[in-house]
There are 2 protein chains.
Amino acid sequence: MELNNRKKKILRAIVEIYIATAEPVGSKAVAEQAGLDVSTATIRNEMADLTELGYLEQPHTSAGRVPSPMGYRLYVNELMGEHQLTIQETQRINDALNLRMEELDRVIDRAGKVLSQLSDYPVFTAAAPKKRITVKRFDLLMVEENAFIAVVMTDNSVVKNKLIRMPEQLSDTQLQLLSTVLNSSFVGLSLEEMEETLDKMETRSAPGAFQLISMVVQFAIEVLNQQSGQTIHTAGITHLLEHPEYRSLDKAKPLMNYLSETEEQGTSNLPVTLTEGQNMNILIGPENINEALKDTSVVMASYDIGDNMRGIIGVVGPTRMDYAKVTARLSYFADSLTRMFGKGELPSGEGHHEE
Amino acid sequence: MELNNRKKKILRAIVEIYIATAEPVGSKAVAEQAGLDVSTATIRNEMADLTELGYLEQPHTSAGRVPSPMGYRLYVNELMGEHQLTIQETQRINDALNLRMEELDRVIDRAGKVLSQLSDYPVFTAAAPKKRITVKRFDLLMVEENAFIAVVMTDNSVVKNKLIRMPEQLSDTQLQLLSTVLNSSFVGLSLEEMEETLDKMETRSAPGAFQLISMVVQFAIEVLNQQSGQTIHTAGITHLLEHPEYRSLDKAKPLMNYLSETEEQGTSNLPVTLTEGQNMNILIGPENINEALKDTSVVMASYDIGDNMRGIIGVVGPTRMDYAKVTARLSYFADSLTRMFGKGELPSGEGHHEE
DNA sequence: TTTTAGCACTCATTATCCCTGAGTGCTAAA
DNA sequence: TTTAGCACTCAGGGATAATGAGTGCTAAAA
């Protein structure tokens, strides 16, 4: 059954009042806000219908109404207005993302923090490679007579380096040769293939040469290993406590623990998988499969990071979430992230190693 | 006035019972635990004395006693026993710190997380350079005809890289020359000196050559800028809610906010400065100057990261903190960190850049 | 047929009162 | 100096009552 116009107006008013106040909404409040020239009694009748239809719920007989998950869903799909970001907010977002010299990880982390501050809800971020990573290129830089820096560039454009000490002195020519071997035999191989190739090489190479190759390849394997994992971060968990539904610790603790653990447990713990294409996704209350999220809503967006990686950023809050505000901010973020990673704007790399 | 032995035993018993139960301690409980063969009445008399002297406090007339900050201080200085770590715990710590392929930042961050898990309190970590950082060496790697990777190594052993696209094609020889210029004119300079030198160079170089130099030096300046800042992280803020003193949100919120903000605000917000030498430091309740920490205790240790940086790691909790347990874990961490950074065990570096 | 005014009813919330019991300080005897 | 005894204090918890916002229903009005 399609709702008539008046019912929609009333439902929208109830959702918005409830989002603002966190208190069950009575017929009087609706009459004041909805801009309908009817009495509270009429509204009560309509509210009774909406309850019957499953869009509203009643905490107890003598209380006002609260939107049901179905009510929120209708609101999100049809009734919700566009929310405008202020100039200050867009400025803030741009400032946060336009930092140069930051690594992928940090840009994403920072994005999560800022989004959390702007929305007053916790935010999680995740990134994972879309396909297996391989080494694209090796470079070796002589530092001293018996030490060089190995630079490994992967096909997801990550560059890592490590200082390698050699057991004996090595000439430029030898280093050149080593570089040739590495680039001809180990480029484009997956992690497992690299290990295999290294094994084969052991039997038919000079022990000295093999040791050198092995040190660099082991390092490359570590790099691939690290790159193949996903990164997950959360930000602003404490924002939860600002919302009345989590004023009791019994309610807040499980969700906070879930969010904290998410950082440890990897993407399996996330409410959705990293799907293709850029898109926005809203899960309301029981639409979440995960038990810990049964009474919470998640608004999230996924985006591409270059050609090889995929990222997701999501806002977690009570079902009484300010969907209009959150979706506006989130889509601005997702657009900005897509744009900046699309441009390949990740200019820098970093490393530590012993002297 | 020096306390007699019996008073010390009673004080110690009260502190330890209170740490375990979070309830004011009565004379009966002390009599059971302290191992003194005297009646509760005698203990009551001693407790009255200890209250008079300022070591104990009484929430109200008909309640038991609670240690005052002065009482905790005496306990920490004189009465506290050595706490032993279990084999599992040392194993856990070693596992967490012995990860290869991690950057400084991540090792420290991870250390904070694990310490927080082991102690059930929030943990903050910070690191800052002891002196100004300079570039130690430039390397340039040709990638394609019109793109090369600039590798900048600083004197605190950080290596960063960036892909630089050139307006026109460049030969190996020209790249060689560029490298020579950079290494002879910009190595060992501070941030400001580099900017100066670059300015001077502008007037007397060919525009094309200057543009190239400028791109690399600008990158180096960004690296120095980033390295000169301090890093601050916090972990396990939600652990606060597990302790009864923060069961009310009014108590928990300000401290949680303080800890969250610490990440943004830099070392100025920290309870202490990064002092020389490896040492442990305990601040109890009002000994903290910062208003937000007036009712909390901070146990922290600082340590050296190589020759050029200084780190600090600290545990934050209620004054009723398990000082013996926390100090044991913390000092094990500080020792481990000193040892690992002393050995220069930071083997890897990372980077992202466009293709 | 739809809307509205009126009214009795419901029930979470808050305030109030009382009771219980752990713990104290003091006194007087050991 | 230590201990037993005892009157006193006071936070915490449970029961009870008062409050008031909001409802559903009925009957009249539009």
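Residues numbered from 1 in each chain as written. Chains lettered and ligands numbered in written order. Predicted model: local features only at pLDDT ≥ 70, side-chain atom pairs only at ≥ 80, totals over all residues. Heavy atoms only, no water.

Caption draft 1: Highlighting the overall build of chain A. When you go through chain A residue by residue, the secondary structure sums to 11 helices and 11 strands. Compactness check: chain A gives a C-alpha radius of gyration of 27 Å against a globular reference of 20 Å for 355 residues, more than 25% above the reference. The dimensions of chain A, computed from C-alpha atoms along their principal axes, are 95 × 40 × 35 Å. A total of 355 residues make up chain A; the buried ones form 53% of that total. For chain A, the proportion of contacts with a sequence separation of at least 24, taken over those separated by at least 6, is 63%. Accessible area for chain A stands at about 15800 Å²; split by element, carbon and sulfur atoms hold 47% of it. Here chain A holds 34 positive side-chain charges and 49 negative ones, and the gap between their average locations is 6 Å. (Helix = DSSP H or I, 4+ residues; strand = E, 2+ residues; numbered from the N terminus. Rg over C-alpha atoms; globule rule 2.2 N^0.38 Å. Buried < 20%, exposed > 50% of the residue type's maximum accessible area, 1.4 Å probe, protein only. Contact = heavy atoms within 4.5 Å. Areas by Shrake-Rupley, 256 points an atom, 1.4 Å probe, with all protein chains shown as cover. Lys, Arg positive; Asp, Glu negative; His and termini not counted. Charge placed at Lys NZ, Arg CZ, Asp CG, Glu CD.)

Caption draft 2: Quick peek at the protein's contact with DNA strand C. Lining the immediate environment of DNA strand C, one finds 21 residues, of which Ser39(A), Thr42(A), Ser62(A), Ser27(B) and Arg65(B) sit closest. What you see for DNA strand C is that sugar and phosphate hold 81% of its atoms within 4 Å of the protein. In this structure, Arg44(A) approaches DNA strand C through a side-chain N or O atom, which is 3.4 Å from a base oxygen. One nitrogen or oxygen atom from the side chain of Arg65(B) is found 2.8 Å from a phosphate oxygen belonging to DNA strand C. At the level of elements, α3 (40–53) of chain A together with α3 (40–53) of chain B are the ones that each hand at least two residues to the surface near DNA strand C. Looking at side-chain class alone, the surface near DNA strand C contains four nonpolar, 12 polar and five charged residues. (Near = heavy atom within 4 Å. Polar contact = N/O pair within 3.5 Å; in protein donor to acceptor, adjacent residues only side chain to side chain. Nonpolar A, V, L, I, M, F, W, Y, C, P; charged D, E, K, R; others polar.)

Caption draft 3: Region of interest: the pairing of strand β5 (residues 147–154) of chain A. All names here are of chain A. Within β5, eight of the eight residues are buried, which leaves it mostly tucked inside the rest of the structure. Residues Ala147, Ile149, Val151 and Met153 line one face of β5 and the alternating positions Phe148, Ala150, Val152 and Thr154 line the opposite face, and both faces are buried. The pairing of strand β4 (residues 135–144) with β5 spans eight bridges and is classified as antiparallel. Bridge pairing in β5 places aspartate 139 opposite valine 151. (Pairing = 2+ DSSP bridges.)

Caption draft 4: Broad picture of the protein's contact with DNA strand D. Lining the immediate surroundings of DNA strand D are 21 residues, of which Ser27(A), Arg65(A), Thr42(B), Thr61(B) and Ser62(B) lie closest. Between DNA strand D and the protein, one listed contact pairs a sugar or linking oxygen with a backbone N or O atom of Ala63(A) at 3.5 Å. Here a phosphate oxygen of DNA strand D and a side-chain polar atom of Thr42(B) are 2.3 Å apart. Elements supplying a minimum of two residues to the surface near DNA strand D: α3 of chain A together with α3 of chain B. Within the surface near DNA strand D, the residues separate by chemical class into four nonpolar, 12 polar and five charged.

Caption draft 5: Representation of the sheet that holds strand β7 (residues 231–235) of chain A within the structure. All names here are of chain A. With respect to topology, five strands assemble into an open sheet ordered β7-β3-β10-β9-β8, the strand pairing being antiparallel. Each of the sheet's edge strands pairs with one partner strand only, and the pair in question is β7 and β8 (279–283). The sheet shows a mean angle of 15° between the axes of neighbouring strands, direction not considered. For strand β3 (residues 123–129) and β7, the ladder comprises five bridges, and the chain directions are antiparallel. Bridging across to β7, alanine 127 finds its partner in threonine 231. Each of β3, β7, β9 (296–305) and β10 (309–318) is contacted by helix α6 (residues 104–119), which is oriented at about 155° to β3, the strand it contacts most. (Axes fitted to C-alpha atoms, helices over the stretch in contact; angles between N-to-C directions.)

Caption draft 6: Structural detail: the packing of helix α1 (residues 5–21) of chain B against helix α4 (residues 69–79) of chain B. Residues and elements named next belong to chain B. Two numbers describe how α1 lies on α4: the axes approach to 10 Å, and their chain directions differ by 110°. Taken as axis vectors, α1 and α4 run roughly perpendicular relative to one another. Along its contact with α1, which presents Lys8, Leu11, Arg12, Val15, Glu16, Tyr18 and Ile19, the element α4 presents Gly71, Tyr72, Leu74, Tyr75, Glu78 and Leu79. For the contact of α1 with α4, the residue count by class is eight nonpolar, one polar and four charged. (Parallel < 35°, antiparallel > 145°, perpendicular 65-115°, else oblique.)

Caption draft 7: View of helix α2 (residues 27–34) of chain A. Residues and elements named next belong to chain A. When α2 is considered as a whole, its buried residues turn out to be Ser27, Val30 and Ala34. Burial along α2 is one-sided: seen end-on, the buried residues are contained in an arc of 55°. What points out from α2, more than 90 degrees from its buried face, is the exposed set Lys28 and Glu32. Looking at the buried residues of α2, the elements they touch are α1 (5–21) and α3. Just past α2, the residue glycine 35 takes up positive phi, approximately 70°. (Arc of directions from axis to C-beta.)

Caption draft 8: Local environment of the packing of aromatic side chains. All names here are of chain A. The full count for this structure, using the stated rule, is two aromatic pairs over all chains. For the pair tyrosine 72 and tyrosine 323, a centre-to-centre distance of 5.7 Å together with 55° between the ring planes defines the contact as tilted. Residue tyrosine 72 is located in helix α4 (residues 69–79), and its partner tyrosine 323 is located in helix α11 (residues 323–342); the two are separated by 251 residues in the primary sequence. When sorted by exposure, tyrosine 72 lands in the same class as tyrosine 323, which is buried. (Phe/Tyr/Trp six-rings, centres within 6.5 Å; stacked < 30°, edge-to-face > 60°.)

Caption draft 9: Spatial organisation of a negative patch on the surface. Among the surface-exposed residues, Glu192(A), Glu195(A), Glu196(A), Asp199(A) and Glu202(A) lie close enough to one another that they form a single negatively charged patch. In this fold, Glu192(A) is placed in helix α8 (residues 191–204). (Patch = residues over 30% accessible without salt bridge, like charges linked within 9 Å, V, L, I, M, F, W, Y side chains within 5 Å. Salt bridge = Lys/Arg side-chain N within 4 Å of Asp/Glu carboxyl O.)

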